[in-house]
Amino acid sequence: MKKENKTVHIGVAEAVLILIVLFCILGFLIIGLHISPQVPILTALTFLMFYGKIRGFSWNDIMDGLESGIKPGIIPLMIFLMIGSLIACWIFSGTIPTIMYFGFNIISAKFFLPTVFIVCSLVAITCGSSFTTVSTMGIAFIGIGTVLGINPGLTVGAIVSGAFFGANVSPLSGTTNLAAGIGEIDLYTHIKSLLLTDIPAFVISLVIYFFLGLGTKSVRLTQVTLMMQQIKGHFWVSPWTLIPVVLLLALAWMKVPAVPSLIAGSAMGLLVGFIHNPKISISTLASYVMNGYVAHTGNKMLDALFSKGGISSMLSSAALIILALALGGTLIKFNIIGVLINKMSSFVNTPGKLVLLTALGSVGVNYLVGEQYLSIILPGQTFEKSYDRLKLPHKYLTRTLNDAGAAVNSIVPWGVSGTFISGALQIEALKYIPFAFFPIIVPLLTIILGFFVKKQTITKKSLDK
């Protein structure tokens, strides 16, 4: 019995030292030597595993940490693979080329960035998924932006900002429902609270994108016209090709899970493409699903834009997610994250400090674990009693978890969202993160608003649960 109760205790100072070493490893290899994140994270994980063994953890404990860390990422990994398939199928069907074609007709270079931001926001609110928005509208907008000569980092920043704003305030969003569930409050009470920070963050971001867009050079109409002609000459451009988009949005409204929805969207894309080109072989369609679509238009820019997708295109991102989640699971197993969050909670004696520490906890879990759901769950469970002790309505807890948890995950290079965005849009995370204004601004507004909570609100007897 004594052996079963024997545990290894890691103190606060030791936990901080371990994290400093891990960040030094990651920072030196990723930022200093510009190595792809997979190897640095594997290096950090190797250090952590052997350190844990030296400290007294058994190999079974360590393996259990790896397994428990990876387990929450199984569904996101499946979504990654299905989105790779979706992108290829929607290029083959003409869905993405059609969106780009009509986009050229209605979007000007000067108003391109705010348009991208608004459209992606509306799509994400409608479907409740930032991933679906990035992998559909995002692909189209990155193509249009390339032709218009817009900095890809700016375009992706606007896509990400819109997608994560929309997902944050959508009643269909998984993270929004999770945050409300953790705080045990009504979903729409939670969303109303979110609007106090998310709407100002939206407006500020929109203004920034508007002024950045004004500095964009106009593109020669002949160049755009030629590009449109080439798209129409090599792909089926028709409203019929938008059927897969309508199906995907309908399934989202019906609250069908992401994996079957994406499979259905891919299948519909293949069907639409097959109707237009019935002579294509099954083996070619299978190759598109696995290896992606390869365009042969004769235009190097178009070939680069439309040679995308496939399950194999997401395997590198999937490997990064597995390694990051394994590292996070090991940190949780060794109780390094728990020790630090619990220590932080002991300093809470005012609403402002509580909101600040909750936000820091969510941001910290994002950067250490890389998983947006855990960045909501772990701080939520840890700080919930502190909100009760201060008699602070739980809507402040849930708003902070959403803004500093779900939204921030998009600007973590090795996080689930950051890795997905980089893989789907084929851009390095550090190139778009400086321009993803909404995920940067919204946690700051949440923290600032926390320091203006009135005492009367805190001390009322009926809490918003």
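See the structure printed just above.
This is a predicted model, so every value here is computed, not measured. (Residues numbered from 1 in each chain as written. Predicted model: local features only at pLDDT ≥ 70, side-chain atom pairs only at ≥ 80, totals over all residues. Heavy atoms only, no water.)

Next up on the list: the packing of aromatic side chains. For the structure on display, the rule yields 19 aromatic pairs. Residues Tyr367 and Trp414 carry aromatic rings whose centres are separated by 6.2 Å and whose planes lie at 80 degrees to one another, so their mutual orientation is edge-to-face. Taken together, the residues Tyr367 in helix α19 (residues 351-369) and Trp414 in the loop between α21 (394-406) and α22 (416-425) connect sequence positions 47 residues apart. Residue Tyr367 is classed as partly exposed on the basis of its relative accessible area, which comes to 27%. Counting every residue linked through ring pairs, the aromatic cluster contains Phe117, Phe165, Phe202, Tyr209, Phe435, Phe437 and Phe438. (Phe/Tyr/Trp six-rings, centres within 6.5 Å; stacked < 30°, edge-to-face > 60°. Helix = DSSP H or I, 4+ residues; strand = E, 2+ residues; numbered from the N terminus. Buried < 20%, exposed > 50% of the residue type's maximum accessible area, 1.4 Å probe, protein only.)

We now examine the side chain of Asn366. Position of Asn366 among the secondary structure elements: in helix α19. Take Asn366: its relative accessible area is 0%, and that puts it in the buried class. Not counting residues up to four positions away in its chain, the partners in contact with Asn366 are Glu371, Gln372, Ser375, Ala404, Gly405, Val408, Asn409 and Val412. (Contact = heavy atoms within 4.5 Å.)

Let us now look at the packing of helix α8 (residues 130-148) against α22. At a closest axis distance of 10 Å, the pairing of α8 and α22 adopts a crossing angle of 20 degrees. Comparing their axes, α22 and α8 come out roughly parallel. Of the two possible hands of crossing, α8 and α22 adopt the one that is right-handed. When α8 is examined against α22, the residues Phe131, Val134, Ser135, Gly138 and Ile139 are found in contact with a partner set consisting of Val416, Ser417, Phe420, Ile421, Ala424 and Leu425. Within the contact of α8 with α22, the residues separate by chemical class into eight nonpolar, three polar and no charged. (Axes fitted to C-alpha atoms, helices over the stretch in contact; angles between N-to-C directions. Parallel < 35°, antiparallel > 145°, perpendicular 65-115°, else oblique. Left-handed = near helix turned anticlockwise from the far one by under 90°. Nonpolar A, V, L, I, M, F, W, Y, C, P; charged D, E, K, R; others polar.)

Here we come to the side chain of Ser130. Structurally, the position occupied by Ser130 is in helix α8. If we skip the residues at most four places from it in the chain, Ser130 touches Ala163, Phe164 and Ala167.

The final tally for this structure, using the stated rule, is two salt bridges. Measuring nitrogen to oxygen at the nearest pair gives 2.9 Å for the salt bridge that ties Lys333 to Asp64. Of this pair, Lys333 sits in helix α17 (residues 315-333) while Asp64 sits in helix α4 (residues 59-70); the two residues are 269 residues apart in sequence, bridging distant segments of the chain. For Asp64, a relative accessible area of 33% gives the class partly exposed. (Salt bridge = Lys/Arg side-chain N within 4 Å of Asp/Glu carboxyl O.)

Function-wise, these values are silent; they only describe arrangement.
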